[in-house]
Amino acid sequence: MSIPSLKLNRRQVLIAALHGTAALALSGCEKMFDSLSESETVQSILASAEQANRRVQRMLTTRNKLAREFTEKDISPIFRANGNPPPMTMDYAAGAKDDWADWRLDVAGLVQKPARLSLIELESMPSRTQITRHDCVEGWSVIGKWKGVRLEEILKLVRPRSEVKYVVFRCMDTDNDGNNYYESIDLVDAVHPQTILAYELNDRPLPIDNGAPLRLRVENQLGYKHAKYIRAIELVESFEIIGGGKGSYWADRGYEWYAGI
Amino acid sequence: MNVPDEPLDLVYRHNRVTRLTHWLNALALLILFMSGLQIFNAHPHLYWGNTSEPDKAFFSIGTANDDGELRGYLQLYGRQIDTTGYLGVQQRDVAPSARAFPSWLTIPGYYSLAGARRWHFFFGWLFALNGLLYILFNFASGHLRKFFLTLSDAKKVHSMVAYYLRLRKQSPQDGEYNPLQKMAYTGVFVVLTPVVLLSGMAMSPQLNVAFNWLPAVLGGRQSARAMHFILAFGFLFFVFGHVFMVLTQGFFNNMRSMTTGWYKEKVQIKKETPRAVREIRPDIAKALREEAPPAQEKIDAPGEAQGGGETVPHPIPTNSPDARPVIALRSEQEKEKDVDPKS
């Protein structure tokens with residue numbers, strides 16, 4: 001009688017010990033990877049892959065080659081919106097109410113001829129329409145039809161100075177802590193034929209959830225680069241003194257500045 | 001084992017590059033798998049096609065709220081399984097937390113899509129470059145040929161399965177690797193690895209511009225994402241099988257061969273004394289020639305002094321006088337029972 005019960009006990013003890021060891025090993029692993037994820041040295045080593053991705057992917061891509069454009073029947077029924085909520089300011093609400101009649105896009109920075117453009121002026125410039133796939137960093141994809149003015153047209157208008165390296169987008173939305181959303185792209189992407197400032201989605205004025213009145217489309221990068229609620233464009237040589245210094249709201253929060261992957 | 005566990009033949013099985021790339025690969029696969037699960041957690045649904053229409057997911061790991069109580073579930077083509085405690089909900093110190101894969105399976109453990117991506121892309125490069133080094137080196141040295149599945153191997157796969165299931169007495173193995181191993185390794189090399197790399201690349205918007213055929217051949221970007229996820233579990237399946245074989249087919253012998261390179265053969269295979277042994281350890285080679293196995297302690301200390309040409313030469317015809325240096329000690333019957341497949 002005592003032997004089977006001893007056996008059972010031993011078995012129970014062994015199983016419990018095994019469970020304990022496994023749990024300890026797993027939580028140990030978890031803690032190790034968590035602390036490595038918080039170590040700046042480790043992170044700077046891991047982040048070196050971003051430069052490799054940018055250089056290699058750029059090298060593999062013919063300059064100005066287009067992202068795939070889809071047909072009307074491919075358009076998703078709902079264009080999912082993500083990110084920070086629309087700007088909740090009186091100015092924004094008033095702007096949305098009167099179809100952005102008083103809204104202006106300021107284009108400034110290292111330019112020879114700063115500009116201040118209304119939505120009607122932007123709409124009267126040469127436009128481009130494209131049906132493209134929008135890929136969120138989270139993993140989902142939607143297809144939408146965009147109409148807007150090519151960013152290169154705006155750059156031609158303001159004539160950037162030779163030292164300009166980046167185009168910075170200042171946005172009207174803020175997060176819960178009051179940080180302003182901003183984004184930046186380099187000149188290679190800025191003059192790409194499909195890089196547009198969109199004011200229409202699926203043949204209708206850009207909805208508030210999708211960035212009214214004006215948003216960026218940079219089709220060779222993930223969704224978080226596509227700045228919404230743009231109020232100003234600034235041409236700079238370096239973005240180190242802007243925001244957290246990493247070039248965009250999301251880059252300041254650990255995401256890659258180069259979102260081609 | 002019916003035969004005394006005496007050393008029959010000591011072969012230098014894994015060259016330095018193979019050993020190094022093996023362990024780097026193991027580390028890369030572990031981190032890629034776990035950081036990949038964290039990335040999946042950001043949107044725990046899979047779809048076929050180009051887009052992810054919310055009602056069209058064929059696979060989801062989700063969290064339901066039943067009157068304040070969180071319940072985890074896995075859903076596949078409309079069928080739901082309760083997975084509370086494993087997937088969808090994890091018990092944390094403070095409160096149950098809604099997440100597809102639990103923290104101990106993800107890197108980082110805490111929710112961080114940005115952090116997981118950083119791990120994933122760094123080790124993605126390591127995995128690819130490490131694999132390239134392995135293939136170039138071992139292709140040049142002829143090592144790859146030893147476990148590449150040929151048509152005649154493919155015909156023997158079913159008899160190898162029968163042998164493992166004890167339905168067949170004799171193993172159909174006639175090289176260093178048995179037909180089933182060859183099939184597994186060849187599958188990993190020509191199917192799993194290329195498709196996992198391509199489906200990963202097909203998710204990159206910039207590479208979609210560079211190679212717009214890439215998501216198309218895989219059926220669209222969301223299909224590529226689904227395949228990438230499924231193939232990751234293909235690797236997990238392979239690793240489980242691999243580790244199981246290592247554990248059951250002579251753990252220490254296998255670990256020694258993957259750390260020092262030296263493996264103690266228990267099954268006689270058609271080949272001459274390894275060149276590495278002939279050149280570096282003439283004492284062992286001599287002992288082998290004299291059909292008298294060397295003493296154990298000599299075998300366990302082969303050292304790291306080998307030069308090039310470390311791989312085992314190709315099998316030579318059985319009628320060669322060198323072909324059966326040791327086997328004369330053993331009966332045909334013993335041979336059959338003592339096949340020792342490696343992982």
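For the structure, check the block above.
Our subject in this report is the structure included herewith.

Cut-offs applied
Residues numbered from 1 in each chain as written. Chains lettered and ligands numbered in written order. Predicted model: local features only at pLDDT ≥ 70, side-chain atom pairs only at ≥ 80, totals over all residues. Heavy atoms only, no water. Helix = DSSP H or I, 4+ residues; strand = E, 2+ residues; numbered from the N terminus. Contact = heavy atoms within 4.5 Å. Polar contact = N/O pair within 3.5 Å; in protein donor to acceptor, adjacent residues only side chain to side chain. Pairing = 2+ DSSP bridges. Buried area = accessible area lost by both parts, 1.4 Å probe. Salt bridge = Lys/Arg side-chain N within 4 Å of Asp/Glu carboxyl O. Patch = residues over 30% accessible without salt bridge, like charges linked within 9 Å, V, L, I, M, F, W, Y side chains within 5 Å. Areas by Shrake-Rupley, 256 points an atom, 1.4 Å probe, with all protein chains shown as cover. Phe/Tyr/Trp six-rings, centres within 6.5 Å; stacked < 30°, edge-to-face > 60°. Buried < 20%, exposed > 50% of the residue type's maximum accessible area, 1.4 Å probe, protein only. Lys NZ or Arg CZ within 6 Å of the ring centre and 35° of its normal. Axes fitted to C-alpha atoms, helices over the stretch in contact; angles between N-to-C directions. Parallel < 35°, antiparallel > 145°, perpendicular 65-115°, else oblique. Left-handed = near helix turned anticlockwise from the far one by under 90°. Nonpolar A, V, L, I, M, F, W, Y, C, P; charged D, E, K, R; others polar. Core = buried A, V, L, I, M, F, W, Y, C linked by side-chain atoms within 4.5 Å. Expected span 1.5 Å × (residues − 1).

Now for the environment of T195 of chain A. All names here are of chain A. Considering the arrangement of structural elements, one finds T195 in the loop between helix 6 (187-190) and strand 7 (196-201). Those residues in contact with T195 that sit more than four places away from it in its chain are V149, R150, L151, I185, D189, A190, L216, R217 and V218. Here D189 takes part through its backbone oxygen, which lies 2.6 Å from a polar atom of the side chain of T195.

Before going further, it helps to examine the pairing of strand 2 (residues 115-118) of chain A. All names here are of chain A. Sheet topology note: the strand 1 (residues 104-109)/strand 2 ladder contains four bridges and is antiparallel. By the bridge assignment for strand 2, R104 is matched with S118. Taken together, strand 1 and the strand that follows it, strand 2, pair antiparallel across an intervening segment of five residues.

Next up on the list: the interface of chain B and chain A. Across the boundary between the two partners, chain B contributes 38 residues, which contact 52 residues of chain A. Here chain B meets chain A over a buried area of about 4000 Å², counting both sides, of which 58% is carbon and sulfur. As a salt-bridge pair, R117 of chain B and E256 of chain A come within 2.9 Å of each other at their nearest N and O atoms. Inspection of the region where chain B meets chain A yields 24 residue pairs in polar contact (both at pLDDT 80 or more). Contributing elements (two or more residues each) for the side of chain B that touches chain A: helix 1 (16-41), helix 2 (113-141), helix 6 (205-210) and helix 8 (221-248) of chain B.

Another point: a nonpolar patch on the surface. Residue and element names in this part refer to chain B. Taken together, the side chains of L197, L198, M201, W213 and V217 define a hydrophobic patch exposed on the protein surface, amounting to about 440 Å² of accessible area. Breaking the nonpolar patch down by element, the ones donating at least two residues are helix 5 (179-201) and helix 7 (213-217). No other element matches the three residues that helix 5 contributes to the nonpolar patch. Take M201: it is sitting in helix 5.

Given two aromatic rings, their pairing is described by the distance between the two centres and the angle made by the two planes. All told, the structure shown has 34 aromatic pairs over all chains when counted by the stated rule. Measuring from ring centre to ring centre gives 5.2 Å for F251 of chain B and F252 of chain B, while their planes differ by 75°; the resulting arrangement is edge-to-face. Under the relative-accessibility criterion, F251 of chain B is labelled partly exposed at 33%. An aromatic cluster of at least three residues, connected via ring pairs, comprises F33, F40, F59, F101, F229 and F233 of chain B. The ring of Y249 of chain A has R253 of chain A lying over it, and the distance from NZ or CZ to the ring centre is 3.7 Å.

With that out of the way, let us pick up the side chain of R128 of chain A. Residue and element names in this part refer to chain A. By secondary structure assignment, the location of R128 is in strand 3 (residues 127-135). Judged by its relative accessible area of 17%, R128 falls in the buried class. Sequence-distant contacts of R128, defined by excluding residues within four places in its chain, comprise L66, E69, W146, K147, G148, R150, P193, Q194 and I196.

Another point: unusual backbone geometry. Each neighbour pair has its own omega, and for A212 of chain A with P213 of chain A the value is 5°, a cis peptide bond. Examined against the element boundaries, P213 of chain A turns out to sit in the loop between strand 8 (204-205) and strand 9 (215-217). In this chain, I107 of chain B is followed by P108 of chain B through a cis amide linkage whose omega measures -15°. Summarising the element assignment, P108 of chain B is placed in the loop between strand 7 (96-99) and helix 2.

The pairing of strands in a sheet comes from backbone hydrogen bonds and takes either a parallel or an antiparallel form. Residue and element names in this part refer to chain A. Here we have five strands laid out as an open sheet, ordered 2-1-10-5-6, and mixed in their pairing. Since the sheet does not close on itself, it has two edges, and those belong to strand 2 and strand 6 (180-186), each with one partner. Taken pair by pair, the neighbouring strands of this sheet meet at an average axis angle of 20°, ignoring direction. Of the strand pairs in this sheet, strand 5 (residues 166-174) and strand 10 (residues 230-236) are connected by six bridges, and their pairing is antiparallel. From the neighbouring strand, V167 faces strand 10, where its bridge partner is L235.

Take the packing of helix 1 of chain B against helix 2 of chain B next. Residue and element names in this part refer to chain B. Two numbers describe how helix 1 lies on helix 2: the axes approach to 8 Å, and their chain directions differ by 155°. Our classification of the angle between helix 1 and helix 2 gives roughly antiparallel. For the pair helix 1 and helix 2, the sense of crossing is left-handed. Its residues assigned to classes, the contact of helix 1 with helix 2 shows 17 nonpolar, 10 polar and one charged.

Attention now moves to the nonpolar core. What tends to happen in soluble globular proteins is that the nonpolar side chains get buried as a cluster. L105, L122, L151, F169, L197 and I233 of chain A are the most contacted members of the largest nonpolar core, which has 45 residues in total. The greatest single-element share of this core, amounting to six residues, is contributed by strand 5 of chain A. Aside from chain neighbours lying at most four places away, what touches L105 of chain A is A115, R116, L117, L122, I154, L197, L214, I230, R231, A232 and I233 of chain A. The next biggest cluster of nonpolar side chains, apart from the first, holds 30 residues, and it includes V42 of chain A together with L32, F40 and F59 of chain B.

Another aspect to go through is helix 1 of chain B. Relative to the 38 Å expected for 26 residues at 1.5 Å per residue, helix 1 of chain B spans 38 Å between its end C-alpha atoms, a close match to the ideal helical length. Capping of helix 1 of chain B at its N-terminal end is provided by N15 of chain B; its side-chain oxygen lies 3.1 Å from the backbone amide nitrogen of V17 of chain B.

Under the criterion given, the structure shown has 20 salt bridges over all chains. Of the charged contacts in the structure, one is a salt bridge between E163 of chain A and R161 of chain A, with a shortest N-O distance of 3.0 Å. Its relative accessible area of 35% is what places R161 of chain A among the partly exposed residues. A salt bridge links R71 of chain B to D82 of chain B; its shortest N-O distance comes to 3.7 Å. Taken together, the positions of R71 of chain B in strand 4 (residues 69-76) and D82 of chain B in strand 5 (residues 79-82) put the pair 11 residues apart, joining distant regions of the chain. Classification of R71 of chain B by relative accessible area gives partly exposed; the value is 25%. Because the salt bridges share partners, they merge into one network encompassing R58, D186 and D189 of chain A.

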